[in-house]
Amino acid sequence: MNAVEVVELRRVYETGRTPPRVALDGLSLAVGEGEVHGLLGPNGAGKTTLCKILSTVLLPTSGSAHVLGHDVVVDTRAVRGLIGIVFGGERGLYGRLTARQNLRYWAALYRQPSAVGRERTERLLARVGLADRADERVERFSRGMKQRLHLARGLIGDPRLVILDEPTVGMDPVAAHDFRKLVDELRAEGRTVLMTTHDMAEAEAVCDRVSLVDNGKIVATEDPRTIGSWLGAYERVVAKDVPEPVVVTIRELPGVTAVTTVAGEVTVETGAEGATAGVLRALVAAGVTAISTGRPSLTEVYLHVIGDRGSRVR
Ligand SMILES: Nc1ncnc2c1ncn2[C@@H]1O[C@H](COP(=O)(O)OP(=O)(O)OP(=O)(O)O)[C@@H](O)[C@H]1O
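Thresholds, definitions, all that
- Residues numbered from 1 in each chain as written.
- Predicted model: local features only at pLDDT ≥ 70, side-chain atom pairs only at ≥ 80, totals over all residues.
- UniProt positions renumbered as here; feature names shortened; annotations may be inferred.
- Domains from an automatic or database assignment.
- Pairing = 2+ DSSP bridges.
- Helix = DSSP H or I, 4+ residues; strand = E, 2+ residues; numbered from the N terminus.
- Axes fitted to C-alpha atoms, helices over the stretch in contact; angles between N-to-C directions.
- Contact = placed C-beta atoms within 7 Å.
- Near = placed C-beta within 6 Å.
- Nonpolar A, V, L, I, M, F, W, Y, C, P; charged D, E, K, R; others polar.
- Core = buried A, V, L, I, M, F, W, Y, C linked by C-beta atoms within 7 Å.
- Buried ≥ 20, exposed ≤ 12 C-beta atoms within 10 Å, placed from the backbone.
- Expected span 1.5 Å × (residues − 1).
- Arc of directions from axis to C-beta.

- The protein goes by ABC-2 type transport system ATP-binding protein in an unreviewed UniProt entry, where it is assigned to Saccharothrix variisporea.
- Listed in UniProt under the heading Subcellular location (unreviewed entry), the comment for the protein reads: "Cell membrane".

Written out as structure tokens, the structure reads:
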């Protein structure tokens, strides 16, 4: 039995004023028990919508979704008892309560006997590094501290499936590093983790498999190192004062995926190993000196990868 089994899931938002928006367009996904699975995709790809449906807070328009064999629409109660959800941001925490009080409150909502709730609260406070701030009001917490408390809250019910939506947004690098350790611990405990992220390095560090999501569909599910190597192949060269014949030559070089000129500045995108070196050689040979190189943003790279794989690109 898979921890998550999603078949042809579709979700359309009817807003009334604007045309209906298709957030999930026949998405299918299987996540094995004990797997740490990443969902990577550009803004608006449908990741949060999927997490909400699996968390039973949003109904699908059609298709099916099961968590550990339970239908998220029919067996809502069973599903809620099996999952822990961590959505980023401020929602779901009570600012006037302390960190400890927040966790105790959530433990009570999960109907845990008070001794169990107390014990789990202390363990989780230590686990997310908030033990020494446990009696401070949450409204005084930094964003990263709130995020860590969110994580603890998501684990208070001892979930078998942990759903994390952008769990490290707002965390400093030390906290993000601790988060990776925490995910490893969750895996060692046999829990399943489904997490959305914009951070490929994070996905490579913690995920067993990563699904690339675009336009409400899964474009590819792979080992994160494979996706990392696709993404790492893309580079960008920006140069000024490039003579037009050189632009034409560069356009024809192997591995060059796009050349655009805006206000006298030429941007060359490359997508194959060694391609950037070829572009740089051509520029230097033509006497161009104002050159910089870098990586396109992750979102732009997704679109390249997704485009290369023959999917629709917005
Ligand atoms: N409540 C809503 N009403 C109308 N449209 C919505 C609503 N929620 C999401 N959408 C739309 O559905 C699509 C998918 O959104 P979703 O939040 O699931 O994407 P996402 O992949 O999580 O993006 P992000 O990385 O920006 O969080 C987007 O086009 C979004 O504008």
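1. A look at the domain arrangement of the protein
Step number 1: Taken domain by domain, the protein consists of domain 1 (34–60 + 72–210) and domain 2 (233–294).
Step number 2: A separation of 44 Å is found between the C-alpha centroids of domain 1 and domain 2.

2. Quick word on the sheet that holds strand E12 (residues 256–262)
Step number 1: In spatial order, the strands read E12-E13-E11-E14; together these 4 strands make up an open sheet with antiparallel pairing. Every interior strand has two partners, whereas the edge strands, E12 and strand E14 (291–294), have only one. Taken over all neighbouring pairs, the strand axes of this sheet differ in orientation by 15 degrees on average, direction set aside.
Step number 2: Contacting E12 and strand E13 (265–270), helix H9 (residues 244–252) crosses the sheet at an angle of about 155 degrees to E12.
Step number 3: Contacts between helix H10 (residues 275–285) and the sheet are confined to strand E11 (235–240), E12, E13 and E14, with E11 contributing the most and set at about 10 degrees to the helix.

3. A look at unusual backbone geometry
Step number 1: Notably, Glu 8 is not glycine yet its phi reads approximately 50 degrees, a positive angle.
Step number 2: Look at Ala 263: it is not a glycine, yet its phi comes out positive at around 50 degrees.
Step number 3: Residue position: Ala 263 is located in the loop between E12 and E13.

4. Some remarks on the site of the ligand
Step number 1: All residues in the neighbourhood of the ligand are listed as Tyr 13, Thr 15, Arg 21, Ala 23, Gly 41, Asn 43, Gly 44, Ala 45, Gly 46, Lys 47, Thr 48 and Thr 49.
Step number 2: Tallied by class, the residues present in the shell around the ligand amount to 3 nonpolar, 7 polar and 2 charged.

5. Some thoughts on the nonpolar core
Step number 1: In this structure, Val 4, Leu 54, Ala 152 and Ile 163 are the most contacted members of the largest nonpolar core, which totals 65 residues.
Step number 2: When neighbours within four sequence positions are excluded, Leu 54 is seen to be in contact with Val 4, Ala 65, Val 67, Val 72 and Ile 163.
Step number 3: In terms of nonpolar packing, the next biggest core, distinct from the first, is built from 11 residues, Val 242, Val 256, Val 279 and Leu 283 among them.

6. Comments concerning the pairing of strand E9 (residues 209–214)
Step number 1: The buried fraction of E9 amounts to 5 of the 6 residues, a majority that puts the element mostly inside the structure.
Step number 2: Pairing of strand E3 (residues 36–40) with E9, which is carried by 4 bridges, proceeds in the parallel orientation. Within E9, the position partnered with Gly 38 by the bridge is Val 210.
Step number 3: As defined by bridge partners, E9 adjoins strand E10 (residues 217–222) across 5 bridges and the pair is classed as antiparallel. Note that in E10 the partner of Asp 214 across the bridge is Lys 217.
Step number 4: In textbook terms, the turn of a hairpin is the stretch between consecutive antiparallel strands, and for E9 and E10 this stretch comprises 2 residues, one of which, Asn 215, has a positive phi near 50 degrees.

7. Focus: the environment of Val 31
Step number 1: On the secondary structure map, Val 31 appears in strand E2 (residues 21–31).
Step number 2: For Val 31, a count of 24 C-beta atoms within 10 Å translates into the label buried.
Step number 3: Spatially, the C-alpha atoms of Val 31 and Arg 209 are 8.9 Å apart, while their sequence positions differ by 178 residues.
Step number 4: When neighbours within four sequence positions are excluded, Val 31 is seen to be in contact with Asn 2, Ala 3, Val 4, His 37, Thr 192 and Leu 194.

8. Examining helix H4 (residues 114–127)
Step number 1: With 14 residues, H4 extends 20 Å between its outermost C-alpha atoms, agreeing within 8% with the 20 Å of an ideal straight helix rising 1.5 Å per residue.
Step number 2: Listed in full, the buried residues belonging to H4 are Gly 117, Arg 120, Thr 121, Leu 124 and Leu 125. The arc that holds the buried residues of H4, viewed along the axis, is 130 degrees, so those residues lie on one side.
Step number 3: Of the surrounding elements, those touching the buried residues of H4 are helix H3 (99–109) and helix H5 (143–155).
Step number 4: Of the residues trailing H4, Gly 129 is marked for its positive phi of about 75 degrees.

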